[in-house]
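# Structural characterization, general
Letter by letter, the chains look like this.
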Amino acid sequence: LYSHEFMLGDTKFRIMVFPWGNRGENNVSVFLDCGTAALTSRLESFVHFQLYIVNKRRGMLLHKGSKHRFTSKAINWGFPELLSRTSTSFDEYLDPETGSMTFG
């Protein structure tokens, strides 16, 4: 799943979410991604960022931060194991009416 594109500095980014993990694990994986069209071999973008899972109804928040130098050879960075689907807290981040999560 991809978010809408947004600008960080002069570079377009989007959030990539893998609800069942990016390698088939039982985790929610979340990454910051800039498409290859946004970067050339001459351009680099250094970003310090935070990725969140939010439960708006319960006021709960899970977040992790990182920094990464995005280049044409390193176009995404994030967390393959942001939240384990088998953890006891997993259901706390699901909207009880829709079963969805909010990422940001």
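For the structure, check the block above.
Residues numbered from 1 in each chain as written. Predicted model: local features only at pLDDT ≥ 70, side-chain atom pairs only at ≥ 80, totals over all residues. Heavy atoms only, no water.

Inspection of the sheet shows strand β1 (residues 6-8) paired to strand β2 (residues 11-18) by 3 bridges, in the antiparallel sense. Bridge assignment links M7 to a residue of β2, and that residue is K12. Hairpin connection from β1 to β2: 2 residues lie between these consecutive antiparallel strands, with G9 at a positive phi of about 65°. Both β2 and strand β3 (residues 27-33) contribute to a ladder of 5 bridges, which runs antiparallel. Each bridged residue has a counterpart across the sheet, and for M16 the counterpart in β3 is F31. (Pairing = 2+ DSSP bridges. Helix = DSSP H or I, 4+ residues; strand = E, 2+ residues; numbered from the N terminus.)

Quick look at the pairing of β3 now. Where burial is concerned, most of β3 is hidden: 7 out of the 7 residues are buried. Where β3 meets strand β6 (residues 76-84), 6 bridges bridge the pair, whose relative direction is antiparallel. Considered in β6, the bridge of D33 is made with N76. (Buried < 20%, exposed > 50% of the residue type's maximum accessible area, 1.4 Å probe, protein only.)

This paragraph deals with the side chain of H68. The topology assignment puts H68 in strand β5 (residues 60-70). Owing to a relative accessible area of 11%, H68 belongs among the buried residues under this scheme. If near-sequence neighbours (up to four positions away) are discounted, H68 is found in contact with S45, F46, V47, F49, A74, N76 and W77. (Contact = heavy atoms within 4.5 Å.)

This next bit is on the sheet that holds β1. Judged by pairing direction, the sheet is antiparallel, and its 4 strands sit side by side in the order β1-β2-β3-β6 without closing on themselves. In this open sheet, the two edge strands, each paired with only one partner strand, are β1 and β6. On average, each strand axis in the sheet is inclined to that of its neighbour by 30°, with strand direction left out of account. (Axes fitted to C-alpha atoms, helices over the stretch in contact; angles between N-to-C directions.)

What follows deals with the packing of aromatic side chains. Under the definition given, this model contains 2 aromatic pairs. Judged by centre distance (5.0 Å) and plane angle (75°), the rings of F13 and F70 are edge-to-face. Taken together, the residues F13 in strand β2 and F70 in strand β5 connect sequence positions 57 residues apart. For the residue pair F13 and F70, the accessibility class agrees, reading buried in each case. One cation-aromatic arrangement involves R14 over Y2; the distance from NZ or CZ to the ring centre is 3.8 Å. (Phe/Tyr/Trp six-rings, centres within 6.5 Å; stacked < 30°, edge-to-face > 60°. Lys NZ or Arg CZ within 6 Å of the ring centre and 35° of its normal.)

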